[in-house]
Amino acid sequence: MKLNAALFDFDGVLADTEKLYDVFWNEMGERYHTGIPNFASHIKGTTIQGLIGKYFADRPEAEKEQIIAESNHFDWHMPMPPMPGSFEFVRMLKEHGVQIGLVTSSDDKKLAHAFHELPVMEGLFDTIVSANRITKGKPNPMCYRLAAQDLGRKPEECLVFEDSFAGIQAGNDAGMRVIALSTTNPAEALQGKAYRVIPNLEGRTFEDYLAWQA
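Computed from a prediction, not measured in an experiment: that's the story for all the values here. (Residues numbered from 1 in each chain as written. Predicted model: local features only at pLDDT ≥ 70, side-chain atom pairs only at ≥ 80, totals over all residues. Heavy atoms only, no water.)

### Looking at the nonpolar core
Line of reasoning, step 1. The biggest cluster of nonpolar side chains holds 49 residues, and the ones touching the most others in it are Phe8, Phe10, Leu14, Trp25, Leu93, Met121 and Phe161.
Line of reasoning, step 2. Sorting elements by how many residues they give to this core places helix α4 (residues 86-95) first, with five residues.
Line of reasoning, step 3. Apart from residues lying up to four places away in sequence, Phe161 is in contact with Ala6, Leu7, Phe8, Asp9, Val13, Phe89, Tyr144, Ile179, Leu181, Leu201 and Trp212.
Line of reasoning, step 4. Counting 21 residues, the second largest nonpolar core, distinct from the first, contains Ala5, Ile168, Ala170 and Ala180. (Core = buried A, V, L, I, M, F, W, Y, C linked by side-chain atoms within 4.5 Å. Buried < 20%, exposed > 50% of the residue type's maximum accessible area, 1.4 Å probe, protein only. Helix = DSSP H or I, 4+ residues; strand = E, 2+ residues; numbered from the N terminus. Contact = heavy atoms within 4.5 Å.)

Spelled out as structure tokens, the structure:
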């Protein structure tokens, strides 16, 4: 199998932001009385609209708007520390002629903030699929299929890097090979759900990428 394109999730794969999201959304879950313990763990990889539709559909419109406003403010101002080795790995793949896609549940305004906070992102991506471009968020495979279409690649030519269960399912259901990073969920919980499970991208080489094509 020839994997000509590598598609990367953002939070938990390229940026070390999941711990920040856990604190924020667990507090939101309590404050808005969801009754769901560890609320953050249930919503990873979903868009804000998908989250509202699933967990707050019965709330008054004003409350929904308030939740969205608080989420947006957090997204658009949060720190964006890079995940160890992530951008070095992406750049190395690009230098070897691999097409690179960013596939995220984040919206365009958050991505603008990310590009400002992480200048290393500039020029890395051959396509970007954000929440603004899709009507169905992860675990629906729409986002990954759209990225493959953008790059002119068949699904089987794409390798996906994901950390959330929803994202892993989206990549699998798109017909792509998935490498799961245990940055958000324990490695043992990811086993059997992806082609390979790795701790993160730190120290990974082009030889690793070639081995994942076997």
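### Quick notes on the sheet that holds strand β5 (residues 177-181)
Line of reasoning, step 1. The strand order across the open sheet built from six strands is β3-β2-β1-β4-β5-β6, with neighbouring strands paired in parallel fashion. Edge positions in the sheet fall to β3 (127-129) and β6 (196-198), since each of these pairs with one other strand and no more. Averaged over all adjacent pairs, the angle separating strand axes in this sheet is 20°, with direction ignored.
Line of reasoning, step 2. Relative to β6, β5 runs parallel, the two sharing three bridges. Note that in β6 the partner of Ile179 across the bridge is Arg196.
Line of reasoning, step 3. On the sheet, helix α6 (residues 142-151) packs against β1 (5-8), β2 (99-103), β3 and β4 (158-162) and is oriented at approximately 160° with respect to β3. (Pairing = 2+ DSSP bridges. Axes fitted to C-alpha atoms, helices over the stretch in contact; angles between N-to-C directions.)

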